[in-house]
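# Structural description and commentary
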Amino acid sequence: MAAVTNADVEAVDFDPDDDDLMDEDAAEPTPAPAPRLRSTIAGGDDGSRKTKGRGFRDDHNSAAAPRDSRLAGAGRADFDSLASDGGPGPVRSIEGWIVLVTGVHEEAQEDDLHNIFREFGQVKNLHLNLDRRTGFVKGYALIEYETFEEAQAAIKASDGTELLTQIINVDWAFSNGPSKRRNTQKRSPRAHRSRSPPRRRY
C-alpha cells in the first residue's frame, strides 16, 4: 500500500458564513409549477368529470351501467327463475328435491335409510351427519330425489314410520312459507307451564 502524503490530500476550509444551505434568511427559489397531469378520475382539461367505479355511465347496456337499470325490463329475461305460485309449499333446490328426515336413531347407518327411501325412486344424494364429539348420528338426514313425484311419495309413505325402534318424521327440507301445523288445536300459552310460586311481599 502506498503511503498517503500531505500533497495528495486537499485541505478544505469550512466557513459557516459561506454556507447558504444553513442560512435561513436566504431567499428560496420558487419551484417551477408542475405540469398538470391528466387524471382518469378528475378528467382532463375538457372540463368533463370522469368517475371510477360502477354505475356512472349513461349507457344502460354497458357493463358499467347501474345495476338496477341493467336488470330492469328486458334484462330480466336472461335469468332463470324457479316457478312459484307465491303460496306455501315445497321449493326445489338447485340440485333436486330434498327431503328432511328427523327423529333418526343415533345408531342408524346410511344403508338403513337408503334401503327405506330407494323404494320411491333413485336417491341422488343422502347426507347423514354425525356428531363429532360422540360419533353418533345427530338425529336427522337429508335425502335428495330428482323428481317432485318421487320426493312426495317418499314423504307420504315414510312419515310416521319406524326406523330402528324410533319413529321418523319426513317432510320437505325447503318450503315457500310456513309449514302447516299438524296439531291445529288452539292452545293457551300457559297450558304446559308450571305455576310460578307466589311473590313474596316484604
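Our subject is the structure listed above.
Right, let's walk through the structure included here.

Quick notes on the rules
Residues numbered from 1 in each chain as written. Predicted model: local features only at pLDDT ≥ 70, side-chain atom pairs only at ≥ 80, totals over all residues. Heavy atoms only, no water. Salt bridge = Lys/Arg side-chain N within 4 Å of Asp/Glu carboxyl O. Helix = DSSP H or I, 4+ residues; strand = E, 2+ residues; numbered from the N terminus. Buried < 20%, exposed > 50% of the residue type's maximum accessible area, 1.4 Å probe, protein only. Phe/Tyr/Trp six-rings, centres within 6.5 Å; stacked < 30°, edge-to-face > 60°. Arc of directions from axis to C-beta. Pairing = 2+ DSSP bridges. Axes fitted to C-alpha atoms, helices over the stretch in contact; angles between N-to-C directions. Contact = heavy atoms within 4.5 Å.

Let us look at the pattern of salt bridges. Scanning the model with the defined rule gives three salt bridges in all. The salt bridge involving E146 is made with R92; its shortest N-O contact spans 4.0 Å. Of the two residues, E146 is situated in the loop between β3 (137–145) and α3 (148–158) and R92 in the loop between α1 (67–71) and β1 (97–102); the sequence distance between them amounts to 54 residues. The class for R92 is partly exposed, based on a relative accessible area of 28%. The salt bridge involving K124 is made with E146; its shortest N-O contact spans 3.2 Å. Of the two residues, K124 sits in strand β2 (residues 123–130) while E146 sits in the loop between β3 and α3, which places them 22 residues apart along the sequence. Owing to a relative accessible area of 40%, E146 belongs among the partly exposed residues under this scheme. One connected set of salt bridges, linked through shared partners, spans R92, K124, E144 and E146.

Our focus in this paragraph is the packing of aromatic side chains. Tallying each qualifying case throughout the model produces four aromatic pairs. Pairing W97 with W172 gives two aromatic rings, centres 5.7 Å apart and planes at 65°, and the pair type is edge-to-face. One end of the pair, W97, is in strand β1; the other, W172, is in strand β6 (residues 169–172), with 75 residues separating them in the sequence. Ring centres 5.3 Å apart and planes at 5° place the aromatic pair F148 and W172 in the stacked group.

Turning next to α3. Every buried residue of α3 is accounted for by E150, A151, A154, I155 and S158. Angularly, the buried residues of α3 cover 135° about the axis, an arc narrow enough to put them on a single face. Among the exposed residues of α3, those pointing more than 90 degrees away from its buried face are E149 and K156.

Within a sheet, neighbouring strands are paired by backbone hydrogen bonds and run either parallel or antiparallel to one another. Read across the open sheet, the four strands follow the order β2-β3-β1-β6; overall the sheet is antiparallel. In this open sheet, the two strands that pair with only one neighbour each are β2 and β6. Across the sheet, the mean angle from the axis of one strand to that of its neighbour is 20°, orientation sign disregarded. For β1 and β6, the ladder comprises four bridges, and the chain directions are antiparallel. Bridge pairing in β6 places L100 opposite D171. In this fold helix α2 (residues 110–117) packs onto β1, β2, β3 and β6, with an angle of close to 145° to the strand it touches most, β2. Taken strand by strand, α3 contacts β1, β3 and β6, and its axis lies near 150° from that of β6.

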